[in-house]
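# Coordinate analysis (summary)
The lines below spell out each chain.
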Amino acid sequence: MLPTIDLVAPSLPSWVDQEKESRLVPDTPAFTHAYTNSTAHGIPQIALSPAQGKFTSLLASISGAKNVLELGTLGGYSALWFAQAIKGRGGKVTSIEINKERRDVAIENLEYAGVKVPEEVEILLGAGLDVLPRLAEEIDQGKRERFDFTFIDADWDNQAAYFDWGVKLSRGKGSVIYVDNVVRQLLEIGAVGAAEKDTTLENLVDTVAKDDRVEAVVMQTLGSKDMDGFLFAGLK
Ligand code: DHB
Ligand code: MG
């Protein structure tokens, strides 16, 4: 059975997010605009929170990442954080988005923030599973560098396929794969927990547990975005 997850009053995690973000992740015009302009264009408010954005950006920064691969651009909020993390390292953020309007809004948001598109952030329009094999070919042909940090924040049914591609396109030992929303995926997909779910798909945690190429952990999170969690994997 699924655990009861409303153990904490919903207002408390949001209050903590507000208090800590106001101190450590203050609003800037670039990041605020990325949120407000996305919402104005009808893009769902499912981007990373400010603290999550800064956290993923710090991970990319401290791991020395030069080239970041992102699955699911949405309005470009996370890409903006990654662009900041890798600035001046000679690489770029390569982000894949299936929805043309979202791609266009992301470009607007990045350019408003002074990020050069496509030099610093390149957004490739298409389905992940169509675009990823093309990236592999370009890497094989020496036209593109391998990735140090892969951020997967797209359709949950394809998380395992994206994870496999992320590993295959990575530079090697020490490269990072970060997958958003894996706790929600665990609760909603696969054989773990309650009955009314699609049990034909294996959840990502089980898939990655069997994957000898990586060491991984899941961290659960609670905040203004309710309960969820991310998977963090390093290539061996
Ligand atoms: C939701 C949250 C996400 O971070 C995401 O990528 C997709 C959906 C949600 O809260 O529904
Ligand atoms: Mg997400």
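Notes on the structure follow. Everything numeric here is computed off the predicted structure, so don't read it as measured data. (Residues numbered from 1 in each chain as written. Chains lettered and ligands numbered in written order. Predicted model: local features only at pLDDT ≥ 70, side-chain atom pairs only at ≥ 80, totals over all residues. Heavy atoms only, no water.)

## Structural notes on the overall build of the protein chain
- Across its full length, the protein chain carries 9 helices and 7 strands.
- Against the compact-globule benchmark of 18 Å for 236 residues, the protein chain has a radius of gyration of 17 Å, which places it among compact chains.
- Carbon together with sulfur atoms contributes 56% to the accessible area of the protein chain, which is approximately 11900 Å² in total.
- Charged side chains in the protein chain number 24 positive and 35 negative. The centres of these two groups are separated by 7 Å. (Helix = DSSP H or I, 4+ residues; strand = E, 2+ residues; numbered from the N terminus. Rg over C-alpha atoms; globule rule 2.2 N^0.38 Å. Areas by Shrake-Rupley, 256 points an atom, 1.4 Å probe, with all protein chains shown as cover. Lys, Arg positive; Asp, Glu negative; His and termini not counted. Charge placed at Lys NZ, Arg CZ, Asp CG, Glu CD.)

## Overview of the coordination of the magnesium ion (ligand 2)
- Listed as protein donors to the magnesium ion (ligand 2) are Asp153 (OD), Asp180 (OD) and Asn181 (OD1); their distances from the metal cover 2.0 to 2.2 Å.
- Mapped onto the sequence, the donors of the magnesium ion (ligand 2) take the spacing D-x26-D-N. A residue pair is termed long-range when its members are at least 10 positions apart, and aspartate 153 in the loop between strand S4 (149-152) and helix H7 (159-168) and asparagine 181 in the loop between strand S5 (176-179) and helix H8 (182-188) qualify at 28 residues. The residues aspartate 153 and asparagine 181 share a single accessibility class, namely buried. (Donors = N, O, S within 2.8 Å, 3.2 Å for Na, K, Ca; no water. Buried < 20%, exposed > 50% of the residue type's maximum accessible area, 1.4 Å probe, protein only.)

## Focus on the side chain of aspartate 148
- With respect to the element layout, aspartate 148 can be found in the loop between helix H6 (128-140) and S4.
- With a relative accessible area of 9%, aspartate 148 lands in the buried category.
- A distance of 2.4 Å separates polar atoms of two side chains, one belonging to aspartate 148 and the other to arginine 171.
- Setting aside residues up to four positions removed in sequence, aspartate 148 forms contacts with Ala65, Lys66, Asn67, Arg171, Ser175 and Val176. (Polar contact = N/O pair within 3.5 Å; in protein donor to acceptor, adjacent residues only side chain to side chain. Contact = heavy atoms within 4.5 Å.)

## What about the site of ligand 1?
- Taken together, the neighbourhood of ligand 1 is formed by Ile46, Asp153, Trp156, Asp180, Asn181, Arg184 and Lys225.
- Between ligand 1 and the protein, one listed contact pairs an oxygen atom with a side-chain N or O atom of asparagine 181 at 2.7 Å.
- Contacts to ligand 1 include arginine 184, whose side-chain N or O atom sits 3.2 Å from an oxygen atom.
- Its free accessible area being 290 Å², ligand 1 has 73% of it covered by the protein chains.
- The site holding ligand 1 turns out to be the largest pocket. (Near = heavy atom within 4 Å. 1 Å grid on protein atoms, 1.4 Å probe; cavity = no way out; pocket = protein on both sides within 12 Å on 5 of 7 lines; lining within 4 Å. Sits in = over half its atoms within 2 Å of the grid points.)

## Overview of the side chain of aspartate 180
- Tracing the sequence through the fold places aspartate 180 in the loop between S5 and H8.
- It is lysine 225 that comes nearest to the buried, bridge-free aspartate 180 among opposite-charge side chains, at 5.1 Å.
- Each residue touching aspartate 180, except ones within four places of it in the same chain, is listed here: Leu48, Ile152, Asp153, Gln159, Gly229 and Phe230. (Salt bridge = Lys/Arg side-chain N within 4 Å of Asp/Glu carboxyl O.)

## What to know about the packing of H6 against H7
- Between H6 and H7, the least distance of the axes is 11 Å, while the angle of their chain directions is 10°. As far as their axial angle goes, H7 and H6 are roughly parallel. Of the residues in H7, those touching H6 at Gly128, Leu129, Leu132, Pro133 and Ala136 are Ala161, Tyr162 and Trp165.
- Of the residues that constitute the contact of H6 with H7, the class distribution is 7 nonpolar, 1 polar and no charged. (Axes fitted to C-alpha atoms, helices over the stretch in contact; angles between N-to-C directions. Parallel < 35°, antiparallel > 145°, perpendicular 65-115°, else oblique. Nonpolar A, V, L, I, M, F, W, Y, C, P; charged D, E, K, R; others polar.)

## Quick look at helix H2 (residues 29-40)
- Over its 12 residues, H2 runs 16 Å from end to end, which matches the ideal 16 Å to within 8%, given 1.5 Å per residue.
- Every buried residue of H2 is listed here: Ala30, Phe31, His33, Ala34, Asn37 and Ser38. All buried residues of H2 project into a common sector of 160° when viewed along the axis, lining one side. Away from its buried face, by an angle of more than 90 degrees, H2 presents the exposed residues Pro29 and Ala40.
- Contacts made by the buried residues of H2 are with helix H4 (77-86) and helix H5 (100-112). (Expected span 1.5 Å × (residues − 1). Arc of directions from axis to C-beta.)

## What about a nonpolar patch on the surface?
- Residues Leu12, Trp15 and Val16 make up a contiguous nonpolar surface patch of about 290 Å² in total accessible area.
- Locating tryptophan 15 in the fold gives a position in helix H1 (residues 11-24). (Patch = residues over 30% accessible without salt bridge, like charges linked within 9 Å, V, L, I, M, F, W, Y side chains within 5 Å.)

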